[in-house]
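Coordinate inspection notes
Residues per chain are reported as follows:
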Amino acid sequence: MAQRGRIAASSALLVAAAAALVLPDWIISLATIAFANGLVVLGLIVLWRAGLVSFGQALYYCIGAYAVALLGRATGATDALILMLIGGASAGLVAFMVGFLLARYREIFFAMLSLALSMILYGVLVKAESLGSTDGFSVAAPTFFGYAPHQDKLLVALYWLVLAVCAIAAFLVDAYFRSLSGALAMPVRDNEIRVEFLGMSVSRLIHTKLVISGLLAGMGGALAALAIGHVDPNMSYWTTSGEFVFITILSGAGSVVPAFVGSLAFESLRSFAFAVLPQLWQMLLGSVLLLTILFLPQGLGSLIMRLRWRRKVEAP
Amino acid sequence: MGPGSYATYQPLLAAGNTEVGELILSNYDLGLIVVAALLAAASYWALKFTRYGRLLTAVIFDRETAAAFGINVTAVYTITFVIGAMLGALGGAIMAPKIAVTLGIGVEVIVLAFAVVAIGGMGSIEGALIGALIVGICRAAAVHLVPQLELFVIYGVMALVLMIRPYGLFVRAQPRRI
């Protein structure tokens, strides 16, 4: 089953990569942002499986983005891969440090404390004149190992980079879900004391998940900064975190691929809603979320499961 | 109707002012304090001393055991949700004359409400009271004294409280469930 899933995911990846050659620019740029945000959602799924909802993922997203922008401004570095890795690493480092604090909290207290941390960063960024205050500042066009494309080619190159990063991240997180530490997520959600009695440290498990989700959100933010070409403090505002939680509910936490499908669906839906109902686009988004919760409580990902289940039932 | 905002200041003006020494206080504001205090007392009484309040406490403590004792858990949840929605609506209604009513005024309030609950502790009415006072006073003090901190003082205070009291200020010790 897992084998078949991987083959399906790889073919979807190849189709998505090949599609860049025929699709119009606006779809490619929308998909680039969507898949970069999908990395953040993947990080939220890692936490979600252990019963933790972070309302402060924007903290890592923003750190990843600002790391790229500041590094580019200070040193003139433009290599997309290096910038992204440094963005992810700085967010991961922050996640590691705040993890000592956050790993002790659960439920609403976890959500609110992570929200508080991201809002403090927001407040600092808005008041920091040297970091551009509310305007933020722009990010130079990235290069790829010395290759410096322009316009259309830059768009496609960045899209392929995002796809490659997403594929590697999805593969590694999938492997993590199958590992002992990953598989213990649901027991942690159900009953922590039992997990402790098995001889595992719950706070260490949660700390690991926090670092993974911070790394992913940082890389997502770094890629988004490169794709948008601009960073601003709103990347750290709690509505950004809320959006990621929204996409996670839409996607479901069953497996890794729905994170990207859900993110793409969300961005497309928002663009569509904005074009069709400029005044009421939130209403359309809200209705879709409501319908998802009512009819697909496990998210878009559960659609695949349902199909599979039905096929099995039909088979003699 | 539409995305424009409304000003509904008439009740605020009609209520008039009271002068206490040099201070001019709006009667409407004083009324708000009285209404809030009465509602807090009423909720406290309802939660601690009525049959329904005790049923609710039992359901929150352990949903399955409560159901096994014959409590209609779904009904309790529904009624509680309705009461919560009514309190929320009342809060909006009595605040309306003091602000410009527009779409999305609830967005900031919901985060502040969660901050109050996290500071006070879940299910604690005295915690909600103290939490709301802490949030309100810190915000007002920051705006006057250190405007640089205005944007995140509430979150800073919340983070500080949670570092010292991980489940909020007024929370009873919870038994470990194995």
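Residues numbered from 1 in each chain as written. Chains lettered and ligands numbered in written order. Predicted model: local features only at pLDDT ≥ 70, side-chain atom pairs only at ≥ 80, totals over all residues. Heavy atoms only, no water.

1. Notes on the interface of chain B and chain A
If you look at the interface, chain B gives 26 residues, while chain A gives 24 residues. At the boundary of chain B and chain A, one finds 0 salt bridges. Summed over the shared surface of chain B and chain A, the number is 1 residue pair in polar contact (both at pLDDT 80 or more). Contributing elements (two or more residues each) for the side of chain B that touches chain A: α6 (106-120) and α8 (153-164) of chain B. Here the side of chain B that touches chain A takes 7 residues from α6(B), the largest share from any one element. Looking at the side of chain B that touches chain A, its residues break down into 19 nonpolar, 3 polar and 4 charged. (Contact = heavy atoms within 4.5 Å. Salt bridge = Lys/Arg side-chain N within 4 Å of Asp/Glu carboxyl O. Polar contact = N/O pair within 3.5 Å; in protein donor to acceptor, adjacent residues only side chain to side chain. Helix = DSSP H or I, 4+ residues; strand = E, 2+ residues; numbered from the N terminus. Nonpolar A, V, L, I, M, F, W, Y, C, P; charged D, E, K, R; others polar.)

2. So, the pattern of salt bridges
Side chains that differ in sign of charge can pair as their charged atoms come close. Residues and elements named next belong to chain A. All chains considered together, the criterion is met by 4 salt bridges over all chains. With a shortest N-O distance of 2.4 Å, E192 and R106 are connected by a salt bridge. Of this pair, E192 sits in helix α9 (residues 192-197) while R106 is found in the loop between α4 (80-102) and α5 (107-127), placing the two residues 86 residues apart along the sequence. Across the pair D174 and R178 runs a salt bridge whose closest N-O atoms are separated by 3.2 Å. Of the two residues, D174 and R178 are both situated in helix α6 (residues 151-178); the distance of 4 residues between them amounts to about one turn of the helix. Take R178: its relative accessible area is 49%, and that puts it in the partly exposed class. A network of salt bridges, in which partner residues are shared, links E243, E267 and R270. (Buried < 20%, exposed > 50% of the residue type's maximum accessible area, 1.4 Å probe, protein only.)

3. With respect to the nonpolar core
Of all hydrophobic cores here, the largest spans 116 residues; its most connected members are L39(A), V231(A) and M158(B). Counting residues in hydrophobic clusters, the runner-up holds 6 residues, among them L56(B), V59(B), I71(B) and V76(B). (Core = buried A, V, L, I, M, F, W, Y, C linked by side-chain atoms within 4.5 Å.)

4. A short note on the packing of α5(A) against α8(B)
It is at 9 Å that the axes of α5(A) and α8(B) come closest, and there the two elements cross at 135°. Regarding the angle of α5(A) to α8(B), the classification is oblique. The interaxial crossing formed by α5(A) with α8(B) has left-handed handedness. For the pair α5(A) and α8(B), contact is made by F109(A), M112(A), L113(A), L115(A), A116(A), M119(A) and I120(A) and by Y155(B), G156(B), M158(B), A159(B) and L162(B), respectively. (Axes fitted to C-alpha atoms, helices over the stretch in contact; angles between N-to-C directions. Parallel < 35°, antiparallel > 145°, perpendicular 65-115°, else oblique. Left-handed = near helix turned anticlockwise from the far one by under 90°.)

5. Quick look at the domain arrangement of chain B
Residues and elements named next belong to chain B. For chain B, the assigned domains read domain 1 (1-102) and domain 2 (104-178). Here domain 1 and domain 2 have C-alpha centroids that lie 18 Å from each other. With 10 residues of domain 1 in contact, the opposing surface of domain 2 contributes 9 residues. Buried area between domain 1 and domain 2, summed over both chains or domains, comes out near 720 Å², and the portion from carbon and sulfur atoms is 65%. Linking domain 1 with domain 2 are 0 salt bridges. Summed over the shared surface of domain 1 and domain 2, the result is 0 residue pairs in polar contact (both at pLDDT 80 or more). For the side of domain 1 that touches domain 2, the secondary structure elements donating two or more residues are α2 (27-49) and β4 (100-101). For the side of domain 1 that touches domain 2, the element with the most residues is α2, which contributes 5 residues. Among the residues forming the side of domain 1 that touches domain 2, the class breakdown is 7 nonpolar, 2 polar and 1 charged. (Domains from an automatic or database assignment. Buried area = accessible area lost by both parts, 1.4 Å probe.)

6. As for the packing of α6(A) against helix α10 (residues 202-228) of chain A
Residues and elements named next belong to chain A. Two elements in contact, α6 and α10, have axes separated by 11 Å at closest approach and are oriented at 170°. In terms of their interaxial angle, α6 and α10 are classed as roughly antiparallel. The segment α6 lies against α10, with L158, L161, V162, V165, A169, V173 and Y176 engaging T208, K209, I212, L216, L223, L226 and A227. Its residues placed into classes, the contact of α6 with α10 shows 12 nonpolar, 1 polar and 1 charged.

7. Some words on the pairing of strand β3 (residues 23-26) of chain B
Residue and element names in this part refer to chain B. Of the strand pairs in this sheet, strand β2 (residues 17-20) and β3 are connected by 4 bridges, and their pairing is antiparallel. Paired with N17 across the strands is S26, a residue of β3. Two successive antiparallel strands, β2 and β3, enclose a turn made up of 2 residues, where G21 displays a positive phi of approximately 60°. (Pairing = 2+ DSSP bridges.)

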